[in-house]
Every structure is written in C-alpha cells, then in structure tokens.
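Take a look at the letters that make up each chain.
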Amino acid sequence: MSPQIRPSYPVVLLVGREDFTPPSSFGDANVAATPDCLAVGLRATSVGPVQVQIVPSTEAAVVDRPDLDHLGDFEVESEGQLSVRDVHGREYDAMGVEPGTHRVTVLGTDLSEPDDVVFVVTVAS
C-alpha cells in the first residue's frame, strides 16, 4: 500500500543525493528531471491526500496496475538511496540501491494531475 501524503505544494520529488539539484521548471511537462532529481506535479492536495511510493521493477502487483499511465522514463544518479520527498525535504518513502545511475519509470493515475504516483526502479531480476 502506498503512503498517503498531503504535501503543502502539489509536487513530489524523487532524489538520489542529499545535495540534489531540483528542476528549475516543468516546461510543458508534468514530470521534470535533473541528473539526481525527478519532480512530478500532483493533483491539488487541497482536494485530499495523494499516494506516492517507490518500488523495484520486480514488484509486479504494483508495476502492472491497469489504472496507471506511463509518465516517463528517466535516469537518476544515487549515492545509495532513492527517496521520495516534498519540496521542503520531508521524506515519505525510500529505497536502498547501489550507488550509481538507475533507470526510473514514473507511473501515475492521470497524465497531468495524478493522485497516485509510483516510481519504479529497474532492478536485475
């Protein structure tokens, strides 16, 4: 079950370093990235909580959910942990990984304002 959160801004980050660089803008997209940070725009949290989680690609029950749309594929540099945070740095979920670059697929319940976001980290099966 993914954690339900209500961040103060409708944005969630996946970061790979303590000293990460967030994207400066989203442009026309709902997901923006730097080498060590992904940012995803969410449904307005004033409507209610949103769900966000990070899972390995081997977790088929989550990865294969039919209600999730593909929001993008990215590579994220990590020092050994990927963590889901809000713009103020509060951590909601984390996953230990090998230091280095990891492929991350972002899934969500809506292409523009998801209320459920899953960061899928590719792992060797």
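Scroll up a little and you will see the structure.
Let me begin by describing the structure that accompanies this report. All of these numbers come straight from a predicted model, not from anything done at the bench.

1. So, the nonpolar core
Nonpolar side chains in soluble globular proteins tend to end up buried together.
So, step 1. Ranked by size, the top nonpolar core spans 23 residues in total, and within it Val106 and Phe119 carry the most contacts.
So, step 2. If you list the elements that add at least two residues to this core, you get β2 (11-15), β4 (37-41), β5 (50-56), β6 (69-78), β7 (81-85), β8 (91-96), β9 (100-108) and β10 (116-121).
So, step 3. Counting residues in each nonpolar core, the second largest holds 6 residues, with Val62, Leu68, Val118 and Val120 among its members.

2. Observations concerning the sheet that holds strand β3 (residues 31-34)
So, step 1. Spatially, the 5 strands line up as an open sheet ordered β3-β4-β2-β7-β8, and their pairing is antiparallel. Both edges of this open sheet fall to β3 and β8, since each of them pairs with a single strand only. Across this sheet, the average inter-strand angle for adjacent strands is 15°, counted without regard to direction.
So, step 2. The pairing of β7 with β8 spans 5 bridges and is antiparallel.

3. A word on the pairing of β5
So, step 1. Most of β5 is tucked away, with 6 of its 7 residues classed as buried.
So, step 2. Summarising the sheet, strand β1 (residues 4-5) and β5 pair through 2 bridges and their orientation is antiparallel. Its bridge partner lying in β5, Gln4 is registered against Gln51.
So, step 3. Looking at chain direction, β5 and β10 are connected through 6 bridges and run parallel. Each bridged residue has a counterpart across the sheet, and for Gln53 the counterpart in β10 is Val118.

Cut-offs used in this document
- Residues numbered from 1 in each chain as written.
- Predicted model: local features only at pLDDT ≥ 70, side-chain atom pairs only at ≥ 80, totals over all residues.
- Heavy atoms only, no water.
- Core = buried A, V, L, I, M, F, W, Y, C linked by side-chain atoms within 4.5 Å.
- Buried < 20%, exposed > 50% of the residue type's maximum accessible area, 1.4 Å probe, protein only.
- Helix = DSSP H or I, 4+ residues; strand = E, 2+ residues; numbered from the N terminus.
- Pairing = 2+ DSSP bridges.
- Axes fitted to C-alpha atoms, helices over the stretch in contact; angles between N-to-C directions.

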